[in-house]
Amino acid sequence: MENAEYARLLSETADLMEIGAEDGFRIRSYRNAASAIESYPERIEDILADPARSVTDIPGVGKGIASVLEELRLRGSFDRRDQLLEKYPPTALEMLKIQGLGPKSIALIIEHFRVTTIDGLERLCREQKLRTLPRMGARIEEKVLRSIASYRQRAGRFLLSFASEAAAELKQYLSEGCRVERISEAGSLRRGKETVGDVDILVTVSDPGEVLDLVTRHSRVHEVLAKGGNKASVRFGLEGLQVDVRALPAESFGAAMQYFTGSKTHNVALRQRALKMGYTLNEYGLFRLEGGGRVAGEDEEEVYRALGLAWIPPELRESGGEIEAAEAGRLPRLIELADIRGDLHMHTVETDGRASLEEMAAQAAAQGLEYIAITDHSKALAMANGLDEARVVAFARKVRELNRRGDLPVRVFSGLECDIRRDGSMDIEEDALAELDIVVASVHSHMNLEPAEMTDRLLRALESKSVKIIGHPTGRILLHRDGFPFDFERIAAEAGRRGVALEINASPERLDLHGPLLRAAKAHGVRFTISTDAHHPRHLANMIYGVRTARRGWLEPGDVLNTLPAGQLLSAMRQTG
DNA sequence: GCCGTTTTCGGCCCGACTGTTTTCAGTCG
Ligand SMILES: Nc1nc2c(ncn2[C@H]2C[C@H](O)[C@@H](COP(=O)(O)OP(=O)(O)OP(=O)(O)O)O2)c(=O)[nH]1
Ligand SMILES: [Mg+2]
Ligand SMILES: [Mg+2]
Ligand SMILES: [Zn+2]
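Residues numbered from 1 in each chain as written. Chains lettered and ligands numbered in written order. Predicted model: local features only at pLDDT ≥ 70, side-chain atom pairs only at ≥ 80, totals over all residues. Heavy atoms only, no water.

### Considering the overall build of chain A
And step 1. Each helix and strand counted, chain A has 24 helices and 17 strands in total.
And step 2. In terms of overall dimensions, chain A has a C-alpha envelope of 80 × 60 × 50 Å along the principal axes.
And step 3. Going through the 577 residues of chain A one by one, you find that 53% of them count as buried.
And step 4. In chain A, of all internal contacts separated by at least 6 residues, the share reaching a separation of at least 24 is 67%.
And step 5. When the accessible surface of chain A is split by element, carbon and sulfur atoms take 48% of a total near 25700 Å².
And step 6. Charge-centre separation for chain A: the mean point of 78 positive side chains lies 3 Å from the mean point of 88 negative side chains. (Helix = DSSP H or I, 4+ residues; strand = E, 2+ residues; numbered from the N terminus. Buried < 20%, exposed > 50% of the residue type's maximum accessible area, 1.4 Å probe, protein only. Contact = heavy atoms within 4.5 Å. Areas by Shrake-Rupley, 256 points an atom, 1.4 Å probe, with all protein chains shown as cover. Lys, Arg positive; Asp, Glu negative; His and termini not counted. Charge placed at Lys NZ, Arg CZ, Asp CG, Glu CD.)

Printed below as a string of C-alpha cells:
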C-alpha cells in the first residue's frame, strides 16, 4: 500500500467520524496525520517493516495512529473504520462532496430516510421530503439540487498554470472595473501549490459592495454560490472553477493576506502562537487579548514580526517547520526566477517537439537565458522518432559545429533524454552517450513495477557513467496518475553520492520532483536542475512553475545547477572521466 | 488523537454567509 492510500483511509475515516459526531479534536488529529503521511517522502510500508524505525517520528503521528497504520498494513483496514462502515456505507462519503451539505445534515438524512447515495438525495429534494427535517426548508432543497448538478460536472482540482491564468484575468477585470486599492491572489495559488482547489483573491477597497457586485456580474460567472458584505464565491468559466473573493479595508491588508494565503494548518499554528503570546490573530489584525489594542495588520511582514518571526515566504507555509525556522532566523534564501540562467531539458522537431533547435534558442535568448540543452528522445520512443546511436553522434557533432560558428543567440549544449529501459540499462550505448554534453535519463515505460524492482532499475540507471540528470523522477501526471512507487530515500542518497542531479520538471502537468521530495533529497546532498521539458518555444515560459515548486522544497540558488553560468555548468555536474 | 519556554494533562483558531431560527446551527473559508 502506498502513502496516498494510507492517507486516503485515514482521511475518509475522519469524514465518517464527523458524520458520527465524534470528538472534533480527534477528527482533526486523523486529518493532520493523513496530510503528514501524504506528503511524507518515505514509504510508510518500508518504515513499518523496519523494526529499528518508528512511524511516530512523523510529526502528527502518535501512538494511536501508529497502531492504526500497523493494522492497515496487516489487513487493509482497522477496527474503528470497520465499525463506522457498519453504520454508514462508503457512499455516504460521496454525499459530503455536495457543497452546503455537511456531516450533521448527512447524519440526519441517513437516520431519517436511510438514504446514503447522491441519487437518493436528489430524489428526496425533488419529492420535497428534505424539508420535513429540522432546520431544512425549500431553499435548501433547491441549493442541494444545484450542488448535485455541479458535482456531476466534475470540477475537482485544477493545475496551477490554469488557475494562474484565470486569476490574472480576474484581477485585471476587477482592477479595471472599479476602484480597488490593492489586489492579490491568495490561498494555494499564492503558495504555489501544484494543483489548486479554487482561486482565492483578496482586495482592499473602501466600498466592498462595489467589487463584490462586479465579480458576480462577470460574463463568465454562471453561478453565485454565496455573497455577503465581505466576500463572494462564484463558479467561473466552462470548467466550473470556484473563485473566492474577499474584500477588506486597507489597514487590514497584511493580516488579511496572512489569513487568506494559509495554509489552514499554518494559520492555526500561527494563531495558537499568538494566543500564547497574549494576542489574538484574525484577518483584521493582531490584537492584544487584554484591552483589544491593535498591534499589527497593515503589513504582512509586520504581523510575523510582532509574533517574533521573520516573514515567511508563502511557498513554505505548509506546517513543515517553517515557523520554527522563522523564529530561529534560519529560513532559506529561496531561489527566484531571476537566478535561472539556462534550461536543460527540451525537445525539437527531431523527435516530438514542434520547433527547430534555432527557434528554441531564439526564444530562450528572448527570455534572457544564457544557455539551453537540447534533449530529444531516444529510440525506445519510436512513436516520437527517437534518436538512435548514429543520430546521437551526428547531433553531438552538429552542436559542436554550431557553437563553434557562434551564430546562435545562446550557448547550446548537446543532450538527450535517454530512456531508462525496464532493467535499468540505457536505451543508447555508452560510447554514443559520451559524445554528448548532458544526458537526462528518464522512465517512460513499465511504470507499474514492484517498488523494489523500480528501485533497482533506478539504481542501475544511476550507475551509467554518462547520466547527469534523472528526468521527472517519479513519473507522476497531475490529476491523472500518481508517481510510480520506489524507495526514494535510497535513490536520493545514491544520486547525491554519485553527483547525479535530480530534475524538477517544470511542465505544469508534472512538477516532478515536488516539495516534500525535494527537501528529503536535499538532505542527502542532492543537487537539482529546473527544466521546462518544452516541446514548443512557448513552453519555455513554464520555468516559473518549476521555480515555484523548487521554493516549496526550500531550495536555494546553490542547490540548483542551472543557476550557474554556462562556463561552470558541466564541471559542476557528475564527472564522466 | 496529538503535543509540550505554561503543561505529560488539558488544552486544541477565528470569522463570514445562509437559512431558519426568534437567537443560532451548520457549513465553509
Ligand atoms: N484560520 C483559518 N483559515 C482558514 C481556514 N480554512 C481556510 N482558511 C484560509 C487559509 C486558506 O489557505 C485560505 C483559502 O481557503 P481554501 O479553502 O481555498 O484553501 P487553499 O487555497 O489553501 O487550498 P485549495 O487549493 O483551495 O484547496 O483560507 C480555517 O479553518 N481557519
Ligand atoms: Mg483555495
Ligand atoms: Mg477558497
Ligand atoms: Zn520525458
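That shown, we press on.
### Some words on the coordination of the magnesium ion (ligand 2)
And step 1. Coordination sphere of the magnesium ion (ligand 2), protein contribution only: Asp198 (OD) and Asp200 (OD), at 1.9 to 2.1 Å.
And step 2. A separation of 3.5 Å is found between the magnesium ion (ligand 2) and the magnesium ion (ligand 3), which share aspartate 198 as a coordinating residue.
And step 3. The exposure class of aspartate 198 is buried, given its relative accessible area of 14%.
And step 4. Note on aspartate 200: relative accessible area 8%, which makes it buried. (Donors = N, O, S within 2.8 Å, 3.2 Å for Na, K, Ca; no water.)

### A short note on the coordination of the zinc ion (ligand 4)
And step 1. Within the protein, Glu417 (OE), His444 (NE2) and His472 (NE2) serve as the donor atoms for the zinc ion (ligand 4), at 2.0 to 2.2 Å.
And step 2. Sequence spacing among the residues donating to the zinc ion (ligand 4) works out to E-x26-H-x27-H. Here histidine 444, found in the loop between strand S14 (438-442) and helix H20 (451-463), pairs with histidine 472, found in the loop between strand S15 (467-470) and helix H21 (488-498); they are 28 residues apart in sequence, far enough to count as distant.

### With respect to the environment of glycine 285
And step 1. Mapping glycine 285 onto the fold places it in strand S9 (residues 285-288).
And step 2. On the basis of relative accessibility, which here comes to 0%, the residue glycine 285 falls in the buried class.

### Side note on the site of ligand 1
And step 1. Taken together, 15 residues are adjacent to ligand 1, and Ser188, Arg191, Gly197, Asp198 and Asp200 come closest.
And step 2. Contact distances for ligand 1 include 2.8 Å between an oxygen atom and a backbone N or O atom of glycine 197.
And step 3. Expressed as a share of its isolated accessible area of 590 Å², the protein-covered part of ligand 1 is 71%.
And step 4. Looking at the shell around ligand 1, the elements that each hand over two or more residues are helix H11 (187-190), helix H13 (253-261) and helix H14 (264-276).
And step 5. Class assignment of the residues belonging to the shell around ligand 1 gives a composition of three nonpolar, six polar and six charged.
And step 6. Each of domain 2 (158-248) and domain 3 (254-328) accounts for three or more of the residues forming the shell around ligand 1. (Near = heavy atom within 4 Å. Polar contact = N/O pair within 3.5 Å; in protein donor to acceptor, adjacent residues only side chain to side chain. Nonpolar A, V, L, I, M, F, W, Y, C, P; charged D, E, K, R; others polar. Domains from an automatic or database assignment.)

### A look at the sheet that holds strand S6 (residues 231-236)
By definition, the strands of a sheet pair up through backbone hydrogen bonds, in either a parallel or an antiparallel sense.
And step 1. Ordered by their spatial adjacency, five strands build an open sheet running S2-S4-S7-S6-S5, and the pairing between neighbours is mixed. Of all the strands in the sheet, just strand S2 (182-186) and strand S5 (221-227) have a single pairing partner and so form its edges. Strand after strand, the sheet turns through a mean of 20° between neighbouring axes, direction not considered.
And step 2. As paired elements, S2 and strand S4 (residues 199-204) share five bridges and run antiparallel to each other. (Pairing = 2+ DSSP bridges. Axes fitted to C-alpha atoms, helices over the stretch in contact; angles between N-to-C directions.)

### Focus on the pattern of salt bridges
And step 1. Scanning the model with the defined rule gives 47 salt bridges in all.
And step 2. In this structure, glutamate 2 and arginine 43 form a salt bridge, with 2.7 Å as the shortest nitrogen-oxygen distance. Of this pair, glutamate 2 sits in the segment before helix H1 (3-19) while arginine 43 sits in the loop between helix H2 (24-38) and helix H3 (44-49), placing them 41 residues apart in sequence.
And step 3. With a relative accessible area of 28%, glutamate 2 lands in the partly exposed category.
And step 4. Between arginine 75 and aspartate 82 there is a salt bridge whose closest N-O contact spans 2.7 Å.
And step 5. Aspartate 82 gets classed as partly exposed once you look at its relative accessible area, which sits at 27%.
And step 6. Each member of the salt-bridge network shares a partner with another, and the members are Arg191, Glu194, Glu318, Arg476 and Arg552. (Salt bridge = Lys/Arg side-chain N within 4 Å of Asp/Glu carboxyl O.)

### A short note on the protein's contact with DNA strand B
And step 1. Around DNA strand B lies a shell of 51 residues, among which Gly60, Gly62, Arg135, Gly137 and Asn230 are the nearest.
And step 2. One of the backbone N or O atoms of glycine 100 is found 2.9 Å from a phosphate oxygen in DNA strand B.
And step 3. With six residues, H14 is the largest single contributor of residues to the surface near DNA strand B.
And step 4. Residue composition of the surface near DNA strand B, by class: 18 nonpolar, 16 polar and 17 charged.

### Looking at the side chain of glutamate 42
And step 1. Its location among the elements puts glutamate 42 in the loop between H2 and H3.
And step 2. Not counting the four nearest positions on each side in its chain, glutamate 42 is found in contact with Asn3, Ile47, Arg53 and Glu489.

### A few points about the sheet that holds S15
And step 1. Pairing within the open sheet is parallel, and its seven strands lie in the order S11-S12-S13-S14-S15-S16-S17. A strand with exactly one partner marks an edge of an open sheet, and here the two such strands are strand S11 (342-343) and strand S17 (528-531).
And step 2. Relative to S17, strand S16 (residues 501-505) runs parallel, the two sharing four bridges. Residue pairing across strands places glutamate 503 opposite threonine 529, the latter belonging to S17.
And step 3. Running over the sheet, helix H17 (residues 357-366) touches strand S12 (371-377) and strand S13 (411-419) and is turned about 145° from S12.

### Let's talk about the confidence of the model for chain A
And step 1. Here chain A averages 97 in pLDDT, while 100% of its residues score no lower than 70.
And step 2. Model confidence for the complex: the whole-complex pTM is 0.97, and ipTM, which rates the interface, is 0.97. (pLDDT = per-residue confidence, 0-100.)

### Some points on the packing of H1 against H2
And step 1. Across the interface, H1 lies against H2 with an axial gap of 8 Å and an inter-helix angle of 165°. Judged by the angle between their axes, H1 and H2 are roughly antiparallel. Seen along the crossing, H1 lies across H2 with a hand that is left-handed. When H1 is examined against H2, the residues Asn3, Tyr6, Ala7, Leu10, Ser11, Thr13, Ala14, Asp15, Met17 and Glu18 are found in contact with a partner set consisting of Arg26, Ile27, Tyr30, Arg31, Ala33, Ala34, Ile37 and Glu38.
And step 2. Within the contact of H1 with H2, the residues separate by chemical class into 10 nonpolar, three polar and five charged. (Parallel < 35°, antiparallel > 145°, perpendicular 65-115°, else oblique. Left-handed = near helix turned anticlockwise from the far one by under 90°.)

### What about the packing of aromatic side chains?
And step 1. Applying the stated rule across the entire model yields five aromatic pairs.
And step 2. Where phenylalanine 484 meets phenylalanine 486, the ring centres are 5.7 Å apart and the plane angle is 45°; that geometry is what we call tilted.
And step 3. Take phenylalanine 486: its relative accessible area is 6%, and that puts it in the buried class.
And step 4. In this structure an aromatic cluster arises from ring pairing among Phe484, Phe486 and Phe488.
And step 5. Above the face of the tyrosine 151 ring, arginine 154 is positioned so that its terminal group lies 5.7 Å from the ring centre. (Phe/Tyr/Trp six-rings, centres within 6.5 Å; stacked < 30°, edge-to-face > 60°. Lys NZ or Arg CZ within 6 Å of the ring centre and 35° of its normal.)

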